[in-house]
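Secondary and tertiary structure notes
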Amino acid sequence: MIPAAFDYESPASVDEALAVIAGAGDREVKVLAGGQSLIPVLRLRMNAPDLVVDLGRIAELRGVRDDGDAIAIGAMTTHDDVTREPLIRQHALLLSLAAQTVADPQVRHRGTFGGSLAHADPAADMPAPALALGAEFVIAGPSGRRTVGASDFFTDLFTTAIGEGELLVEVRVPKHTGWGAHYEKFNHVAHTWSIVGVAAAVRVEGGTIAEAKVGLTNMGLVPIRATAVEQALVGQPATADAIRAAAQNADQGTNPMSDASADEDYRRHLAKVLTGRAVLAAVG
Amino acid sequence: MTAVDETTGAKEFGQSRRRKEDARLITGRTKWTDNIVLPGMAHLAMVRSPVASGTIASIDVADAKTSPGVLGVWTGADLDAEQGDLPCAWAVTPDMKHPRRPAVAAGRVKFAGEIVAVIAARSAAEARDAADKVIVDYDDLPVVLDMNEAIKEGTPLVHEELGTNVNATWIFDSGEAGTGGNVDEAIAAAHADPDSLVIERTFRQQRLVPAFMEPRSTVVDPTGEQLTVWSATQVPHIARFLLAVVLGISESKVRFIAPDVGGGFGGKIHLSPEEVATVLIARKLGKPVKYTETRSESIQSAHHGRDQIQKITLSAKKDGTVTGLKVDLLADMGAYLGLVTPGVPILGAFMYNAIYKIPAYQFKCVNVFTNKVLTDAYRGAGRPEATYAIERMMDTLANELGVDPLALREKNWIKHEEFPFTSVCGLTYDSGNYEAATSRAVELFDYEGLRREQAERRARKDPIQLGIGISTFTEMCGLAPSRVLGSLNYGAGGWEYSAIRMLPTGKVEVLTGASAHGQGHETAFSQIVADQLGVPFEDVEILHGDTQITHKGLDTYGSRSLVVGGIAIVKAAEKVIEKAKPIAAHLLEANVADIEFDSGKFSVAGTDKGVTIQEVALATFAAHNYPEGIEPSIDADATFDPENFSYPHGTHLCATEIDTETGKVTIRKYVCVDDIGTVVNPLIAEGQVHGGLAQGIAQALWEEARHDESGTLTTATFVDYTLPTAADMPFFTTDMTETASTSNPLGVKGVGEAGTIASTPAVINAVVDALRPWGIDDIQMPTTAQRVWKAIQGKEFDASVGAKDTRDGSHEAAPGNGAPLWSGNESGGAQ
Ligand SMILES: Cc1cc2nc3c(=O)[nH]c(=O)nc-3n(C[C@H](O)[C@H](O)[C@H](O)COP(=O)(O)OP(=O)(O)OC[C@H]3O[C@@H](n4cnc5c(N)ncnc54)[C@H](O)[C@@H]3O)c2cc1C
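Residues numbered from 1 in each chain as written. Chains lettered and ligands numbered in written order. Predicted model: local features only at pLDDT ≥ 70, side-chain atom pairs only at ≥ 80, totals over all residues. Heavy atoms only, no water.

**A few points about the overall build of chain A**
Within chain A, the regular secondary structure consists of 12 helices and 14 strands. For 284 residues, the compact-globule estimate of 2.2 N^0.38 gives 19 Å, and the C-alpha radius of gyration of chain A, at 19 Å, lies within 12% of that figure. Expressed as lengths along the three principal axes of its C-alpha atoms, the size of chain A is roughly 60 × 45 × 30 Å. Across the 284 residues in chain A, those meeting the buried criterion constitute 50%. Intrachain contacts of chain A at a sequence separation of at least 6 include 60% that bridge at least 24 residues. Just so you have it, chain A exposes about 11400 Å², and 48% of that area is on carbon and sulfur atoms. Treating the 24 positive side-chain charges of chain A as one cloud and the 34 negative ones as another, the clouds have centres 4 Å apart. (Helix = DSSP H or I, 4+ residues; strand = E, 2+ residues; numbered from the N terminus. Rg over C-alpha atoms; globule rule 2.2 N^0.38 Å. Buried < 20%, exposed > 50% of the residue type's maximum accessible area, 1.4 Å probe, protein only. Contact = heavy atoms within 4.5 Å. Areas by Shrake-Rupley, 256 points an atom, 1.4 Å probe, with all protein chains shown as cover. Lys, Arg positive; Asp, Glu negative; His and termini not counted. Charge placed at Lys NZ, Arg CZ, Asp CG, Glu CD.)

**Topic: the pairing of strand β9 (residues 217-221) of chain B**
Residues and elements named next belong to chain B. Where burial is concerned, most of β9 is hidden: five out of the five residues are buried. On β9, burial covers both faces: S217, V219 and D221 on one face and T218 and V220 on the other are all buried. Sheet topology places β9 next to strand β10 (residues 227-231); four bridges connect them, and they run antiparallel. Paired with V219 across the strands is W230, a residue of β10. Taking the residues between adjacent antiparallel strands as the criterion, β9 and β10 are bridged by five residues, where G224 takes a positive phi near 90°. (Pairing = 2+ DSSP bridges.)

**Focus on the packing of helix α8 (residues 236-247) of chain B against helix α9 (residues 273-285) of chain B**
Residue and element names in this part refer to chain B. At a closest axis distance of 11 Å, the pairing of α8 and α9 adopts a crossing angle of 55°. As the angle between them shows, α8 and α9 are arranged oblique. Of the two possible hands of crossing, α8 and α9 adopt the one that is right-handed. Taking contact as the criterion, the partners of L243, V246 and L247 in α8 are, on α9, V276, V279, L280 and R283. Tallied by class, the residues present in the contact of α8 with α9 amount to six nonpolar, no polar and one charged. (Axes fitted to C-alpha atoms, helices over the stretch in contact; angles between N-to-C directions. Parallel < 35°, antiparallel > 145°, perpendicular 65-115°, else oblique. Left-handed = near helix turned anticlockwise from the far one by under 90°. Nonpolar A, V, L, I, M, F, W, Y, C, P; charged D, E, K, R; others polar.)

**Structural notes on the pattern of salt bridges**
Should their charged atoms come close, side chains of opposite charge can pair. All names here are of chain A. Throughout the structure, instances matching the rule amount to 72 salt bridges over all chains. With a shortest N-O distance of 2.7 Å, R172 and D67 are connected by a salt bridge. Taken together, the residues R172 in strand β10 (residues 167-174) and D67 in strand β4 (residues 64-67) connect sequence positions 105 residues apart. The partly exposed category is assigned to D67, whose relative accessible area is 25%. Across the salt bridge formed by R84 and D80, the nearest N and O atoms sit 2.9 Å from each other. (Salt bridge = Lys/Arg side-chain N within 4 Å of Asp/Glu carboxyl O.)

**Digging into a nonpolar patch on the surface**
Residues and elements named next belong to chain A. Nonpolar side chains collect at one region of the surface, where L157, F158, L221 and M257 lie side by side and expose about 310 Å² of accessible area between them. Inspection of the secondary structure assignment puts F158 in the loop between β8 (154-156) and β9 (159-160). Since its relative accessible area comes to 44%, F158 is described here as partly exposed. (Patch = residues over 30% accessible without salt bridge, like charges linked within 9 Å, V, L, I, M, F, W, Y side chains within 5 Å.)

**What about the domain arrangement of chain B?**
Residue and element names in this part refer to chain B. When the domains of chain B are assigned, the result is domain 1 (33-141 + 215-261 + 268-301), domain 2 (305-479 + 644-803) and domain 3 (495-640). When each unit is reduced to the centre of its C-alpha atoms, the spacing between domain 2 and domain 3 is 41 Å. Across the contact, 19 residues belong to domain 2 and 17 residues belong to domain 3. Of the roughly 1300 Å² buried where domain 2 meets domain 3, counting both sides, 68% is carbon and sulfur surface. The three residues of domain 2 that bury the most area against domain 3 are L479, V680 and L746, which together make up 38% of that side's buried surface. Applying the counting rule to domain 2 against domain 3 returns zero salt bridges. Joining domain 2 to domain 3, the criterion identifies seven residue pairs in polar contact (both at pLDDT 80 or more). (Domains from an automatic or database assignment. Buried area = accessible area lost by both parts, 1.4 Å probe. Polar contact = N/O pair within 3.5 Å; in protein donor to acceptor, adjacent residues only side chain to side chain.)

**Some remarks on the domain arrangement of chain A**
The domain boundaries assigned to chain A delineate domain 1 (7-54), domain 2 (59-174) and domain 3 (180-282). Computed over C-alpha atoms, the centres of domain 1 of chain A and domain 3 of chain A are 36 Å apart.

**Here we look at the interface of chain B and chain A**
Facing the 26 residues of chain B at the interface are 23 residues of chain A. Here chain B meets chain A over a buried area of about 2100 Å², counting both sides, of which 57% is carbon and sulfur. Summed over the three residues of chain B that lose the most area to chain A, namely E661, Q786 and W789 of chain B, the buried surface amounts to 23% of that side. Inspection of the region where chain B meets chain A yields six salt bridges. Note that D263 of chain A is salt-bridged to K790 of chain B, the shortest N-O span being 2.6 Å. Linking chain B with chain A are 14 residue pairs in polar contact (both at pLDDT 80 or more). Counting residues per element, the ones that place at least two in the side of chain B that touches chain A are α4 (124-131) and α22 (785-792) of chain B.

**Regarding the site of the ligand**
Residue and element names in this part refer to chain A. Within the structure, the ligand sits among 30 residues, and V31, Q36, S37, L38 and T112 are positioned closest to it. G34 has a polar backbone atom sitting 2.8 Å from an oxygen atom of the ligand. Contact between the ligand and H79: an oxygen atom at 2.9 Å from a side-chain N or O atom of the residue. When the ligand is considered free in solution it has 970 Å² of accessible area, and contact with the protein chains removes 90% of it. Every element with two or more residues in the shell around the ligand is listed here: β2 (29-32), α7 (113-119) and β10. Of the residues forming the shell around the ligand, the biggest block, four residues, is contributed by α7. (Near = heavy atom within 4 Å.)

This is the structure:
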């Protein structure tokens, strides 16, 4: 299908982009990152913005840098880069592993880390790992930059803390160097979205789980931190039995939907099974 | 590539040549219809009904008409006088109900996705913009979706004017036909006999979307003497004829061209509403027009496949001998009849008895209208449904009797030495060797080893359970002997046409009426011609898909291209040689009777004098020196009408693992040994098998077209219609046995549909086999993880299941628990 007509700008810097958006006045603006969610929406004419601002030429939004106790990932870093970047693999392996499960190689080469987080699809694979690792979201707007914590970023279905006229520019992810990680994705066929996904990062000390972070994909309108599981894991031996027992808490505080791909009860069950598997794989 | 078969002299037959058409097809640098751009061409967009059943209260096209770039807007009412009635070629019964099918609905819509208005504009984007500005008010009418409901008294009607939702009832009864016994008597006898049993099951064939890669596209040029239509179609010849009928114009005024076509699987066997609408608008505008559907439009409005409810009753002796088979079908036509819609179930009617000697058989099919897009042929068309039902029943019977399902099949199948064999449907299976294919498959599969592992996993209640599924299939393809089609009231024959043009340079142009849409005809046919005429493979050009190049043909479907079209080519080549012989004799100053032809050379018997076919072609072209009384031409054509269908067969074995914690089904091993007779190009044949397997496995595990209660298709994108990709497929172990067909000179059989027909029951039999410890004996397709998980919830796991003692004591225990496994050793005909 063909999108409705729109104007198109491709600014070369974040400041220029913000100015273009601010200058649009009453016209509806949509920001284009990798286009892997936006273009289908436009083609199906579920949305018809007046102006599309393409971030593709903004070099400063792409790439990863070491930022002390965190790594900073540019919003326009592609899923494929997230799977490969040595800094990410070293300090936030969970993100690399999750990105590897997104769709197919074509989509991963176009789709971006920032676009996935800004889009906030409940079935998307990147939000839960970002939440689990306690990422901070750097948002630029007309009045400067602000940083939003992970727990405040995902506010509702397809909705985030990014306001009108603002851009997500960078995601700071605290270093989890040496942590074990795993993303357990469950879907119908390989190129489709998660029915349920579980992101787990675990630090094991002498056979005991010292710290655990678990995020759930598609168990509610927003990604959810499985805090009950995390608490139950800490201090437990890194054994299959202990982990499976802790994973029984995985659906606590969740609010999964019944939809065409799965019923609520099945999702709740899956969350427990997959959490056990994710944590077990993460401890290695 | 140049090894010569010592016995036949064939250089090309049997060579795994890579397909010469692939470079252009894969890169897309070729003539896809949508790539065609003509000067001044206009573009169409369709306005489609979002409601499944209703009347059009009003259509407001004022805004659309003034939208930028718009050249015109037409509603169904505007076109109704000239749009005619889209034809169905198969009146399955004399009293079949046949609703009128307009290209553009006027007044009444009958499925969601039906076209209600057409926009023409200078660009596709402008056409789309204008389409969004058409405002249609519908008065909703009750929606009929469920087949069982549809046939009940008092249910609203899809077509009020027909007075019923039943399209036709078609029956085959072996007792009445004189080809077998009376099935009701067989079943009654089994009920009365303590040494017999009767089992009854109901299976559901879900709706599927053919999902060809290239969406349908049509370009029409109305200028000039002939109307020229380029279209992504499998059937340019049939479409040309039908278009002439619909428009009431002479066939000679229509040129239909199928350029390169990206897949079909049956989904492009039609004259479509979109094609007719494009022609009508092109004629009105007097300029070229293009319409290309979107993927969602394609999923919504191109025909679907399958959608049947099958009630099967099977009677057998407790020693495993099947005594009767009765089939009661409900088949969903959807809202209209396409080219062969009502005949699809009937293509399956003759295949429920499959490879077995079943003495009494009855098939009854009730075709039903519903408010859904029509169904029609989809890879296998009728035969996958039949194969599924019988192969599921054979596994069910084996389980009831506690015998190995392969042994049970062998007990009933036609033995190699019994061919040719006339089936209970009256078909003559010309050749087959089920023992050989099965032996090879069992060997490749490690049947015994996997059965052992299955028993171990059951015994320890492993979270991963293993199931083994079998499908020993045959099918009838190579459509079709014309007289048989006539006896079934089909509106056309089943022959195929070919012509060979010998160019002065010795190059060869081969015309065929079988137009490829991805199968590799150009390569396989070139190999055949290279051998027949003894010319280099590279010197052969295959021309197809244009009714002005190949004026006649019956196109590509039903695994017919090689076994019918390929044989027509052989016949034409034989004529070329016969025509060339007197000229060669003349050139060699010899008697025609002494001329021998071998590997491209005419020679005088017993001498070393000879002339090549290329030299004869040049001499004939120059025509300076040729015999009196004959024409200076060695071109020839042939029309081949097969005397029989083609009966490929094979044994497919599937092992599935079921993750009992999530319900996920994974194919652990898939082995198939197909027998498609002799093989022209093993690489292409294997490709057909792989693709076929993927589609059959997809029906078992993933695909389903679903509607909500208002009749809206809820799986209209590939996000919701879960089409698998290579990433979801297991590695296939494929092999072939070669039992040459005795019905054609090459010994070949069809392969295009085999994988799809065979694989679905193999997978589901494996899934059910894994679930038997929970007392599960059937599961609906597609077997999604959730469906499997829900099926085992709240059920007891009984590891000893299947170990139940069998009544006659001849089998100690069931498979996986020590019962004698099929080894193939006792089957004399093996190998
Ligand atoms: C076939 C297919 C399969 C897919 N499967 C999966 C899957 O399995 N798992 C998965 O997680 N994803 C999947 N995706 C989605 C993919 O990951 C997308 O890349 C992602 O959802 C959006 O990223 P994008 O860069 O393409 O963003 P775009 O599509 O360009 O934008 C998405 C939205 O975010 C907004 N946006 C983008 N960047 C910014 C920014 N910097 N600041 C503010 N707003 C911004 C846009 O305005 C738009 O509203 C799939 C996509 C396709 C086409």
